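This is what each chain is made of:
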Amino acid sequence: MNFAFYTKFSKSRYLVTHKYLTHHQNSQGIQTLLEAEKDAARIVQKARAYRVQRLKDARTEAAREIEELKEQKNLEFQDFEAEHVGSSDQSSVKVASETEEKLKAVQKAFNENKDSVIDKLLSAVTTVEPKVHINVTVRQ
């Protein structure tokens, strides 16, 4: 084989191989970048899904806590109401008995003084004492 031909052939083969390897290496680099981009997109998607799930869980937890608080406050109100309704019933019974006592006292006073009041009214109406009014002046 001719040395010059071998050198030419070797150089051109080297260039073709070099171009192919360089193209292949670039293609592999692009593939690696695309895979990395896909992985990053998957990670971002998982993070979004996790955030959405956390928000849903937080809403559910907040709704549960609100329901527990409502239930607790309703129980407190029922206890308070039961405590004060009982005293209200006792107060109304006490007021009713006091009112009944006062009505009896008024009725007793009426019965005791009825005859004397009627006598005083009749005597005031039937007894007439003629008097000259103080504004009357006598003319002569």
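Residues numbered from 1 in each chain as written. Predicted model: local features only at pLDDT ≥ 70, side-chain atom pairs only at ≥ 80, totals over all residues. Heavy atoms only, no water.

Each helix and strand counted, the chain has one helix and zero strands in total. The buried share among the 140 residues of the chain stands at 0%. For the chain, the accessible area works out to roughly 13,900 Å², and carbon and sulfur atoms hold 59% of it. (Helix = DSSP H or I, 4+ residues; strand = E, 2+ residues; numbered from the N terminus. Buried < 20%, exposed > 50% of the residue type's maximum accessible area, 1.4 Å probe, protein only. Areas by Shrake-Rupley, 256 points an atom, 1.4 Å probe, with all protein chains shown as cover.)

Attention now moves to the UniProt feature "coiled-coil region" (unreviewed entry) in the chain. UniProt's feature table lists "coiled-coil region" (unreviewed entry) at residues 52-83, given in the numbering used throughout. Within residues 52-83, the helical portion is 100% and the strand portion 0%, while the C-alpha atoms at the span's ends are 46 Å from each other. (UniProt positions renumbered as here; feature names shortened; annotations may be inferred.)

Turning next to the pattern of salt bridges. Summed over the entire model, instances satisfying the criterion amount to five salt bridges. Between arginine 42 and aspartate 39 there is a salt bridge, with the nearest N and O atoms lying 2.5 Å from each other. Of the two residues, arginine 42 and aspartate 39 are both situated in helix α1 (residues 3-126); the distance of three residues between them amounts to about one turn of the helix. In this structure, the salt-bridge partner of lysine 70 is glutamate 67, at a minimum N-O distance of 3.9 Å. With a gap of three residues between them, lysine 70 and glutamate 67 both fall in helix α1, about one helical turn apart. Shared partners join several salt bridges into a network, and the residues in it are Glu61, Arg64 and Glu68. (Salt bridge = Lys/Arg side-chain N within 4 Å of Asp/Glu carboxyl O.)

This paragraph deals with the confidence of the model for the chain. Residues with a pLDDT of 70 or more make up 79% of the chain, whose mean pLDDT is 82. Across residues 1-9, confidence stays below pLDDT 50; counting only partners more than four residues off in sequence or on other chains, it has one contact. (pLDDT = per-residue confidence, 0-100. Contact = heavy atoms within 4.5 Å.)

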